[in-house]
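A structural walkthrough
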Amino acid sequence: MQEWKQAYSLAKLELKASVFGFLFAIIFMMIVILSIVTSLDSYLGNGYAGFDFFFILIFSIGAIWTKPKDFQIKKISGNLSASPLLVMQKQLPIKQEIIIKSRFIVHFFYSFPFQVLTLFAFYLYSPLQGILSISSFIAFSIMWLSFGIYAGYMFPTADAGDKGPFTETTAAVIFAFVLIIGIFFVFSFIHILFGNGIVYWSIILVQKWPILSTVVSILLAFAGFKHWQYYMGKRMNRFDYL
Amino acid sequence: MNRIAEISQAEKTIDDFHLGPINIEIKPGTITALVGNNGSGKSTLLKLLMNLAKPDKGNIRISEKLVFGPDESWKTQVSYQPQTVIGWNAFTGNTLKEFISPLYPDWDDSLFTKMAKLFDIPLNKRFGKLSQGVQQKLNLALTVPRNTPLVLLDEPTSFMDIPSKKHFIDLLADWMDDGNRAIVMTSHQSADIMKLADYLYVLQGGKMIGTYEKDELIGSYLQYWMKGEMPALPIPGELSREHQRLITCSPEAAEAFFQENDLTFTSAVPLDLEEIISLLLTERKER
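Residues numbered from 1 in each chain as written. Chains lettered and ligands numbered in written order. Predicted model: local features only at pLDDT ≥ 70, side-chain atom pairs only at ≥ 80, totals over all residues. Heavy atoms only, no water.

For chain B, an unreviewed UniProt entry supplies the name ABC transporter ATP-binding protein and the organism Virgibacillus indicus.

**Regarding the packing of helix H2 (residues 19-38) of chain A against helix H4 (residues 49-58) of chain A**
All names here are of chain A. The line we're drawing: Every axis corresponds to a line fitted to the C-alpha atoms, with the helix fit spanning only the stretch in contact, and the corresponding angles, defined between N-to-C directions, vary from 0 to 180 degrees. Strands here are runs of E lasting at least two residues and helices are runs of H or I lasting at least four, both read from the DSSP assignment and numbered beginning at the N terminus. Convention used here: angles under 35 degrees read as roughly parallel, angles over 145 as roughly antiparallel, angles from 65 to 115 as roughly perpendicular, and any remaining angle as oblique. Definitions for this section: a left-handed crossing has its near helix turned counterclockwise from the far helix by less than a right angle. A right-handed crossing has that turn clockwise. The criterion used for residue contact is that any of the two residues' heavy atoms lie within 4.5 Å. Under the scheme applied here, ten amino acids are nonpolar (Ala, Val, Leu, Ile, Met, Phe, Trp, Tyr, Cys and Pro), four are charged (Asp, Glu, Lys and Arg), and all others, including Gly, are polar.
Direction vectors running N to C along H2 and H4 enclose 140°, while the axes themselves pass 10 Å from each other. The orientation of H2 relative to H4 falls into the category oblique. As for the relative orientation of H2 and H4, their crossing is left-handed in sense. The segment H2 lies against H4, with Met29, Val32, Ile33 and Ile36 engaging Phe51, Phe54, Phe55 and Ile58. Across the contact of H2 with H4, the residue classes break down as eight nonpolar, no polar and no charged.

**Things to note about helix H1 (residues 42-49) of chain B**
Three or four residues apart is the spacing at which side chains of an α-helix point the same way, because the helix has 3.6 residues per turn. Residues and elements named next belong to chain B. Condition: Partly exposed residues are those whose accessible area sits between 20% and 50% of the maximum for their type, while under 20% is buried and over 50% is exposed, using a 1.4 Å probe and protein chains only.
Where burial is concerned, most of H1 is hidden: seven out of the eight residues are buried. Along H1, the residues that are buried comprise Lys42, Thr44, Leu45, Leu46, Lys47, Leu48 and Leu49. The positive-phi residue at the C-terminal boundary of H1 is asparagine 51, with phi of around 60°.

**Here we look at the interface of chain A and chain B**
The condition is simple: As used here, buried area is the combined drop in accessible area, with a 1.4 Å probe, of two parts when they are placed together. By definition, a salt bridge exists where a carboxyl oxygen of Asp or Glu is found within 4 Å of a side-chain nitrogen of Lys or Arg. Side-chain atoms alone can form a polar contact between residues adjacent in sequence; in general such a contact is a pair of N or O atoms within 3.5 Å, and within protein one must be able to donate a hydrogen while the other accepts it.
With 24 residues of chain A at the interface, the matching set in chain B holds 28 residues. When chain A packs against chain B, close to 2300 Å² is buried across both sides, 66% of that on carbon and sulfur atoms. Contact with chain B buries surface across chain A, with Gln91(A), Pro93(A) and Leu242(A) losing the most and accounting together for 30% of the total. Scanning the region where chain A abuts chain B turns up two salt bridges. Among the ionic pairs, Asp240(A) bridges to Lys12(B), the shortest N-O distance being 2.4 Å. Between chain A and chain B we count seven residue pairs in polar contact (both at pLDDT 80 or more) in total. For the side of chain A that touches chain B, the leading source of residues is helix H5 (residues 84-90) of chain A, giving six residues. Looking at the side of chain A that touches chain B residue by residue, the class counts come to 16 nonpolar, four polar and four charged.

**Brief notes about the sheet that holds strand S6 (residues 78-81) of chain B**
Residue and element names in this part refer to chain B. Condition: Whether two strands pair depends on DSSP finding at least two bridges between them.
The mixed open sheet is built from six strands, whose spatial order is S6-S7-S8-S3-S9-S10. Two strands in the sheet have a free side with no partner beyond their single neighbour: S6 and strand S10 (207-213). Strand-to-strand twist of the sheet, defined as the mean angle between neighbouring strand axes without regard to direction, takes the value 15°. In this sheet, strand S8 (residues 182-186) lies alongside strand S7 (residues 150-154) in parallel orientation, the contact comprising five bridges. Paired with aspartate 154 across the bridge in S8 is threonine 186.

What follows is the structure, encoded as structure tokens:
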């Protein structure tokens, strides 16, 4: 617990300096949330991959990409890109464990509030209330919040650094573009193959097996949370911050 | 005398550049200047000491602890001023001080205030908005007051104006009076090295040329203005001869040779440190 407290005070340095970034994140995320909440009805009726894409976007990266420029991953040296703040903290007497935890806390602030807001908005302003009982909705919420942990916490691990051909801005944009097309393709394929999208099937899952899906989600979240911290430590030990 | 830091048989390959094997011991009360051409591996060596990069071979210890080991307590024993500061742009000097100072148990707040005043650093302005020179001054004002036994400075005065450079050198010399501290610095400014350094650690193309005690090194290079014609024979320690000017790195042997061969000189003058370093580096290159 002491380590998390220290990590929080470390994360505060970035969070305090990101107030305007948060305001931008709130405005933008409200628009995204509003648009997917109002389109749930048509998604359940007709189904389209865009809905799954934005829903998963909220429950994975959240608003992390709205971070102020000074805190975004940038080229450090050669072909290594990393979080400038992580490099700064690595030069100070701060335990690696605490640096890692602080990066996770920053991710939490950029993702969790928007994920909770999305779930509330869904229950209050979409047809979901009529489809899911309170207990099934809780299971649905746990399932997606857990996804936000075991899939979402992969993203702060990139702060430790990334080496490869995508460190140049142009190459990174091309890569992101190809990735988005690829994801759309996968989501569309799922729609064609199973008749409906991922979010639809998650609703079905919590309706049919609420306890099982909750337990599995919590276990995955726990394992994912541990794994990503370990993985980030391994990356930090591997890279040279020259 | 206990050593503060030790690098033994360290080697590191980065793309087509190979650093090492490096052996160096840092003792309290000493200032070691890492000297070499651009790209000779000086900054990389400091980064290896800070565990920002891992050596492929060899060991690096600070306060007897391996820097790449699980025990990270050595980090409170060392302060590092990088040549290029990363991650500070969004913060003001005051915020950075509030963040950095609690991490070091011996932080000297009065020294920080003194340096901020001396260098006229605007502490309420964001680091990214400061000029390169002021950024460097703030960086130093946030490094020296950490009062750690070992301080690593990477080109500390490269962007500084002349008066500030002088203030800084004086301040650093005072700071060393404690006797238990050591500095390892890289610098291309021969005046910094001349005034501060006790030892010179010379690197070329990643290879260690040697460690030299500064005063000894200066004493061992002498230039003579010879009278009359110089003999065709090589003179002991001869490094260069140009018209009547002869440079040798073995003055005693050279003077004995002059006596034996009835050669006379009008004057003998020690070489500038800058010239000695250039000779050391070119001499090695030619070999």
